[in-house]
Amino acid sequence: MSKRNPEYDFVWCPGCGDFGVRRALEWALERHVAEHEIPQSNYVIVAGIGCSGNMVHLMEGDQPFGLHGIHGRTLPLSFGVKMGRPDLETVIVAGDGDFLAIGGEHIGPAAARNVDVTCVVMDNGVYGLTKGQSSPTTEMGVMTSSTPYGKIESQMMPLKYYLTIGVSYIASHYSSKPRDLADVIQDAMNHKGFSIVHVQSPCTTYNDTYDLLKGNRRKGIPGMAWDIPEDHDPSSRQSAEDLLDRPGIPLGLVYKEERPTLQDRVDEIAESNPNRTADELLASYAI
Amino acid sequence: MTDNHSQDFVIRFAGEGGQGLVTSADAMARAAANAGYYVSTFSTFPSQIMGGPASSQVRISTTPVLSSGDSVDVLVSLDEYAYNNHQEDLSENGVAIYNSGEFQLPGGGQYFGIDADELAKSTGNTRAANMVTIGAVANLIGFSLEEIDAFITQRFTRGRPGDEEIIESNKKAIRLGADVAEKSGFSVGRLASPIPPDYEQIMITGNSALALGAVTAGVNFYVGYPISPATTILVWMEQNLVGPGRFAHQVSSEIEAISAIVGAGYAGKKSMTATAGPGLSLMGEGIGLAWMAELPCVVVDVQRGGPSTGLPTKSEQSDLMACFNPGHGDMSIPILAPGSVEECFDAGALAVNWAERYQGPVIVMSEFGQAEKGENIRKPDLADVEVEDRSVYQGSNGYARYQSWNGDGLSPMPIPGGPGAYVANGSEHDEIGDTTHLPRHHIRLTERRFKKLGLLNDAHYEIENEGAIAMIMSWGSSKGPAREAYERLREQGVDVGWLYSMALNPLPDEMKDALERANLVIVPELNYMGQWSAILRQHGYRAESVTQYTGLPFKPATLVDRIGDRVEELQKEKGLVLA
């Protein structure tokens, strides 16, 4: 249920990481609007299918535009939005199943194009809406409803994948620190090019990783998440690789590369080539 | 040489892909079009870059060309395989020209040899071999060499230093070829004088006409994935859809293509993609999203043979069921199927208008046989094309985008950047686009989506000789051969009528009425299942198909025979003639 639509009946489970991500995204949008003086109506949230995608219906305050499409296709849908209307600020919200499994084929092309959209990927390592099947980021050996004898595929390492495939802005974070996360999302939106903020967003029902991420002294669990040191150079691919070779979940900006976006290249072509009208095109077929 | 003046000749160039077959047919077509004849080309080739059996033909006529014809009057065979493969298509008086530099045929047949390469060498231009052959063809059909000269001068006047030399060598090549033909003693007749049209013409292919029509109606966003026979639309758009506010791009799959045009349609663009059967299969879910979320976009399916990878470079009309039901769930996608190169332009433009008007996806179905067919058609008057833009919401925020709709003027669509922020949702939704499972919303919005089809009732249709014992109703590019067959059957006094609708879904009201009244509808179509007649029967109309699934278009004579036989049978059943 959302404040603006009492009839909307979708709810996240209590404690779901997506609450924190939503708060962070709301703040990031609010600040981005203020920072650039862009009207709220110029923002488009393209949502994936899964628990996280429902965020587009749950945001409070001034509403951005939303596009809640089909499973796995946030990247090509947002590609259409952004290349059709470069003036629109386009943000993707999707889960690990949507973005990395069914939608995985679109990450490489989006990176090669360096299309100027920001992805907020909520990784809970499980398919929640369909009630607990394994996802690409589920650890090997873990028993889920679809891996009754333990997962027999390797766990995917999304950050390394993004780096290898040429994503120009990669950040990693988790949902329990919404204020910090908001800063990161805002920074990613300011990046000219394809940016991914990969967020650990635990599923309290099927894969509760809060203790693992933050640590629990009473249970003797050391936290997996660690702040990226201040001396890390995000412009260095080698430093980013070294960083990702360390165990655990880094928090902060992993890699950032400034290079022309697809729109820059399209504009370049447009400058040196005439915009031919239908009349001119028709004339080229004269007998 | 006889005095036999003919209105109509078919000339076929057969050999291997990459030998300039298409170039030869195209040159012949352009020379004839320049001279005031009506022309239509047709090519068939295997799915490989070079080599493999291929052929390209041109039909030249004093009246508008409706089909590729029944037989071949002049066959040019560049190799023995091509001769063996195509000679059975020669008409009774037909003559074959074979490449004697490549193979020999025994004496006594209706053929003669030319070593075009050797003769071209003697002109000093080894690339003029095609022109040697064209010269021979021209002699056989009594086509003026001066008209070919004019074409050569036009083609090779490019402002380069060597132009004059190239023009002269090509003209020489033409005459060398004509001499060989003259000495052979063969002739297939004399092409009657042209009756030039009293209107301006253009020479264009089906795919280019379709792209031009769409751009005329304002398409400004195109993405596609290479696939035969739709690739030329992608290439056309990449080349021409350039400049501020325009975008054309090759994407990574048909799934990316449909998703991107849905996203662009949502963002206010007039968006389009083109594909063939395999790509259409991948687009099913995305087309459903556009239907569900009510987002305008155009999908062109240039059909080939199917299923699976099927026959990538052959002609078939077997995607109809897939276009009617491209994805899961209750939906009914508007379909336009142009029946000629000229109609490709109209359908391209109307599809964009329809998408804007009813705020949803529209499918255009073309075919291989029409995609690369070059014809000289009436030059479209762009000022005549009525460009429709979607109704855009201009009010204040808090707008119910998916509100109830009484059937008049569709609720305006908010566009990002403007007022009325909402969620365009592929899940069932309420008035503002939030996901819902409540029955009342699903009932209301399902009905709303279907009711919108009522806005689309203005596509071209033809009804003639109602009351005949059988009505011929073809669709898509089978329209041409069916029309030729219809006219011949009428001349023979056979009791047939004519129905044609460029829109297959929804059918114009007048067409539904005519179908209702028809005693029997006979549907010539290029598929095994008889897909269009099956759909017509599903709607309660009396329909049956005349099918062909060879990968080639219909010959009019085939249809004359099969429809003629069926009509006779009907008359016997009704006791109208003696059994």
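Everything numeric in this text was worked out from a predicted model, so none of it was measured. (Residues numbered from 1 in each chain as written. Chains lettered and ligands numbered in written order. Predicted model: local features only at pLDDT ≥ 70, side-chain atom pairs only at ≥ 80, totals over all residues. Heavy atoms only, no water.)

### Comments concerning the overall build of chain A
Phase 1 of the analysis: Counting secondary structure elements, chain A contains 11 helices and 10 strands.
Phase 2 of the analysis: In terms of overall dimensions, chain A is globule-like: its C-alpha atoms have a radius of gyration of 20 Å, near the 19 Å expected for 287 residues.
Phase 3 of the analysis: Each principal axis of the C-alpha distribution contributes one length, and for chain A these read about 80 × 50 × 40 Å.
Phase 4 of the analysis: Residues classed as buried in chain A amount to 57% of the 287 residues present.
Phase 5 of the analysis: For chain A, the proportion of contacts with a sequence separation of at least 24, taken over those separated by at least 6, is 66%.
Phase 6 of the analysis: Entry remark: accessible area of chain A is about 12300 Å², with carbon and sulfur atoms responsible for 53%.
Phase 7 of the analysis: Side-chain charges of chain A comprise 25 positive and 38 negative groups, with the mean position of each set lying 5 Å from the other. (Helix = DSSP H or I, 4+ residues; strand = E, 2+ residues; numbered from the N terminus. Rg over C-alpha atoms; globule rule 2.2 N^0.38 Å. Buried < 20%, exposed > 50% of the residue type's maximum accessible area, 1.4 Å probe, protein only. Contact = heavy atoms within 4.5 Å. Areas by Shrake-Rupley, 256 points an atom, 1.4 Å probe, with all protein chains shown as cover. Lys, Arg positive; Asp, Glu negative; His and termini not counted. Charge placed at Lys NZ, Arg CZ, Asp CG, Glu CD.)

### Re helix 6 (residues 158–165) of chain A
Residues and elements named next belong to chain A.
Phase 1 of the analysis: What helix 6 keeps buried is the set Pro158, Leu159, Tyr162 and Leu163. Down the axis of helix 6, the buried side of the element spans an arc of 135 degrees, and every buried residue falls inside it.
Phase 2 of the analysis: One or two positions beyond helix 6, positive phi appears at Gly166, with a value near 95 degrees. (Arc of directions from axis to C-beta.)

### Some thoughts on the sheet that holds strand 3 (residues 89–95) of chain A
Picture the strands of a sheet paired through backbone hydrogen bonds; they go either parallel or antiparallel.
Phase 1 of the analysis: Spatial strand order, 9(A)-10(A)-7(A)-8(A)-4(A)-3(A)-1(A)-2(A)-17(B): 9 strands in an open sheet with mixed pairing. If you trace the sheet from one side to the other, it starts and ends with strand 9 (225–227) of chain A together with strand 17 (423–425) of chain B, each paired once. Along the sheet, successive strands turn relative to each other by an average axial angle of 20 degrees, direction set aside.
Phase 2 of the analysis: In terms of strand pairing, strand 4 (residues 118–123) of chain A meets strand 8 (residues 195–200) of chain A through 6 bridges, oriented parallel. Considered in strand 8 of chain A, the bridge of Asp123(A) is made with Gln200(A).
Phase 3 of the analysis: Along the sheet, helix 7 (residues 178–190) of chain A contacts strand 1 (43–47), strand 3, strand 4, strand 7 (169–174), strand 8 and strand 10 (249–256) of chain A; its crossing angle with strand 7 of chain A, the most-contacted strand, is approximately 165 degrees. (Pairing = 2+ DSSP bridges. Axes fitted to C-alpha atoms, helices over the stretch in contact; angles between N-to-C directions.)

### Digging into a negative patch on the surface
Phase 1 of the analysis: A grouping of Asp264(A), Asp267(A), Glu268(A) and Glu271(A) is seen on the molecular surface, where their side chains present a negatively charged patch.
Phase 2 of the analysis: By secondary structure assignment, the location of Asp264(A) is in helix 10 (residues 262–272). (Patch = residues over 30% accessible without salt bridge, like charges linked within 9 Å, V, L, I, M, F, W, Y side chains within 5 Å. Salt bridge = Lys/Arg side-chain N within 4 Å of Asp/Glu carboxyl O.)

### So, the interface of chain B and chain A
Phase 1 of the analysis: With 65 residues of chain B in contact, the opposing surface of chain A contributes 49 residues.
Phase 2 of the analysis: Approximately 4400 Å² of surface area, both sides summed, lies buried where chain B meets chain A, with 62% of it carried by carbon and sulfur atoms.
Phase 3 of the analysis: Remark: the boundary between chain B and chain A carries 2 salt bridges.
Phase 4 of the analysis: Taking the shortest distance from any N to any O, the salt bridge between Glu7(A) and Arg440(B) comes out at 2.3 Å.
Phase 5 of the analysis: Along the contact surface separating chain B from chain A lie 24 residue pairs in polar contact (both at pLDDT 80 or more).
Phase 6 of the analysis: Of the residues in the side of chain B that touches chain A, the class split is 33 nonpolar, 24 polar and 8 charged. (Buried area = accessible area lost by both parts, 1.4 Å probe. Polar contact = N/O pair within 3.5 Å; in protein donor to acceptor, adjacent residues only side chain to side chain. Nonpolar A, V, L, I, M, F, W, Y, C, P; charged D, E, K, R; others polar.)

### Things to note about the domain arrangement of chain B
All names here are of chain B.
Phase 1 of the analysis: For chain B, the assigned domains read domain 1 (5–191), domain 2 (203–380), domain 3 (391–456) and domain 4 (461–573).
Phase 2 of the analysis: Each of domain 1 and domain 4 was reduced to a C-alpha centroid, and the two centroids are 35 Å apart.
Phase 3 of the analysis: With 8 residues of domain 1 at the interface, the matching set in domain 4 holds 11 residues.
Phase 4 of the analysis: Of the roughly 740 Å² buried where domain 1 meets domain 4, counting both sides, 52% is carbon and sulfur surface.
Phase 5 of the analysis: Per-residue buried area on domain 1 facing domain 4 is highest for Leu66, Ser67 and Asp70; these three make up 66% of the total on that side.
Phase 6 of the analysis: Our count for the contact surface shared by domain 1 and domain 4 stands at 3 salt bridges. (Domains from an automatic or database assignment.)

### So, a nonpolar patch on the surface
Phase 1 of the analysis: A cluster of nonpolar residues, Tyr528(B), Met529(B) and Tyr549(B), forms a patch on the protein surface that exposes about 420 Å² of accessible area.
Phase 2 of the analysis: Secondary-structure assignment places Met529(B) in the loop between strand 22 (521–525) and helix 17 (531–538).

### Regarding unusual backbone geometry
Residue and element names in this part refer to chain B.
Phase 1 of the analysis: With an omega dihedral of -5 degrees, the bond running from Gly306 to Pro307 counts as a cis peptide bond.
Phase 2 of the analysis: Along the chain, the position of Pro307 falls in the loop between strand 13 (297–303) and helix 11 (320–324).
Phase 3 of the analysis: Of note, the amide linkage connecting Asn505 to Pro506 takes the cis form, showing an omega dihedral of -10 degrees.
Phase 4 of the analysis: When you line up the elements, Pro506 lands in the loop between strand 21 (503–505) and helix 16 (509–517).
Phase 5 of the analysis: One non-glycine residue, Gln359, lies in positive phi territory at about 55 degrees.
Phase 6 of the analysis: Looking at where Gln359 falls in the secondary structure, it is placed in the loop between helix 12 (341–358) and strand 15 (361–367).
Phase 7 of the analysis: What makes Gln359 buried here is its relative accessible area of 1%.

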